[in-house]
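# Residue-level structural notes
Spelled out, the chains give:
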Amino acid sequence: MKTIVAYKSKSGYTKRYAQWIARELGCDIKENPELSNIIGYDTIIYGGGMYAGGFNGVKLITKNLDKLSGKKIALFAVGSNPGREKEMKVFWDRVLTAQQQKTIGYFYLRGGFDFDKLNAKDKVLMKMLKVRLQRIKERTEDEQGMLDAYDTPVDFSDKKNIRPLIEFIEK
């Protein structure tokens, strides 16, 4: 079975997970893929960061499912949030239809946040979020944690997080 890990990474957390997965499976890896890079594989694992409720680059997969028919597909989203089940259900329902969720493996891998690694556009957006968070008088633990991360980067990535994805691919 010919397998590839394809990914888009802005700040390095998705890249780290993609490398761990590719090493574990002994398969090919491709950053910033196009359809032509992945179409020849039997198993396609795609990873991207979660940004403002979106999933970086996932449309490469979701818009081409007709061309990827018959292939095993797994997605992994990487973000800094804790990945609570209720919040992740809302996210995955936005990314994948109910039918797609039955055939595609989908996984959340907690990454981190480092403001200094962001590009200029993302820094502007995140500064706007910071201002909004600072205005909240009674912050949740998550809101305070996000605010604190602007000054002190956080990294929750852990190789053990890839285990459910690896098991999905190997079965």
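In case you missed it, the structure is sitting above this.
A few points on the structure. (Residues numbered from 1 in each chain as written. Predicted model: local features only at pLDDT ≥ 70, side-chain atom pairs only at ≥ 80, totals over all residues. Heavy atoms only, no water.)

### Some remarks on the overall build of the protein
- Of the regular secondary structure elements, the protein holds eight helices and eight strands.
- For the protein, whose C-alpha radius of gyration is 17 Å, the value lies close to the compact-globule estimate of 16 Å for 171 residues.
- Reported as C-alpha extents along the three principal axes, the dimensions of the protein are approximately 55 × 30 × 30 Å.
- Accessible area of the protein: about 9700 Å², with a carbon and sulfur share of 49%.
- Measuring between centres, the 31 positive side-chain charges of the protein sit 4 Å from its 22 negative side-chain charges. (Helix = DSSP H or I, 4+ residues; strand = E, 2+ residues; numbered from the N terminus. Rg over C-alpha atoms; globule rule 2.2 N^0.38 Å. Areas by Shrake-Rupley, 256 points an atom, 1.4 Å probe, with all protein chains shown as cover. Lys, Arg positive; Asp, Glu negative; His and termini not counted. Charge placed at Lys NZ, Arg CZ, Asp CG, Glu CD.)

### Remarks on helix α8 (residues 163-170)
- Of the residues making up α8, those classed as buried are L165, I166, F168 and I169. Down the axis of α8, the buried set is contained in an arc of 160°. They therefore lie on one face.
- Of the surrounding secondary structure, the elements contacted by the buried residues of α8 are α1 (13-25), β3 (43-51), β5 (72-79) and β6 (105-110). (Buried < 20%, exposed > 50% of the residue type's maximum accessible area, 1.4 Å probe, protein only. Arc of directions from axis to C-beta. Contact = heavy atoms within 4.5 Å.)

### Brief notes about the nonpolar core
- Judged by nonpolar contacts, the single largest core of 23 residues is most densely connected at I38, Y46, F55, I61, L75, F91 and W92.
- Here this core takes four residues from helix α4 (residues 85-95), the largest share from any one element.
- Setting aside residues no more than four positions away along its own chain, I38 makes contact with I4, A6, P33, I44, L60 and I61.
- Among the nonpolar cores identified, the runner-up in size contains 20 residues, and Y7, A18, W20 and F168 belong to it. (Core = buried A, V, L, I, M, F, W, Y, C linked by side-chain atoms within 4.5 Å.)

### A word on unusual backbone geometry
- Positioned with a positive phi, N32 is a non-glycine residue whose angle comes to about 50°.
- With respect to the helices and strands, N32 occurs in the loop between β2 (28-31) and α2 (35-38).
- By relative accessible area, N32 is classed as partly exposed at 46%.

### Topic: the layout of surface pockets
- Space inside the largest pocket adds up to approximately 1200 Å³.
- Lining the largest pocket are 38 residues, and of these S80, N81, M126, L129 and M146 sit closest to its centre.
- Mapped onto the lining of the largest pocket, the elements with two or more residues apiece are α1, β3, β5, α4, β7 (112-113), α6 (120-135) and α7 (141-149).
- Ranked by the residues each element gives to the lining of the largest pocket, the list is headed by α6, at seven residues.
- Class assignment for the residues of the lining of the largest pocket results in 18 nonpolar, 10 polar and 10 charged. (1 Å grid on protein atoms, 1.4 Å probe; cavity = no way out; pocket = protein on both sides within 12 Å on 5 of 7 lines; lining within 4 Å. Points joined across faces, edges and corners; volume = space filled by probe spheres on them. Nonpolar A, V, L, I, M, F, W, Y, C, P; charged D, E, K, R; others polar.)

### Some details on a nonpolar patch on the surface
- Together, V124, L125 and M128 make up a nonpolar patch on the protein surface, roughly 290 Å² of accessible area in all.
- Mapped onto the elements of the fold, L125 is located in helix α6. (Patch = residues over 30% accessible without salt bridge, like charges linked within 9 Å, V, L, I, M, F, W, Y side chains within 5 Å. Salt bridge = Lys/Arg side-chain N within 4 Å of Asp/Glu carboxyl O.)

### Thoughts on the pattern of salt bridges
- According to the stated counting rule, one finds seven salt bridges in the structure shown.
- Between R16 and D155 there is a salt bridge, and its shortest N-O distance comes to 2.8 Å. Of this pair, R16 sits in helix α1 while D155 sits in strand β8 (residues 154-155); the two residues are 139 residues apart in sequence, bridging distant segments of the chain.
- Two residues, E24 and R163, come together in a salt bridge whose shortest N-O distance is 2.7 Å. A residue pair is termed long-range when its members are at least 10 positions apart, and E24 in helix α1 and R163 in helix α8 qualify at 139 residues.
- Judged by its relative accessible area of 35%, E24 falls in the partly exposed class.
- Several salt bridges share partner residues, and in doing so they unite R84, E87 and D142 into one network.

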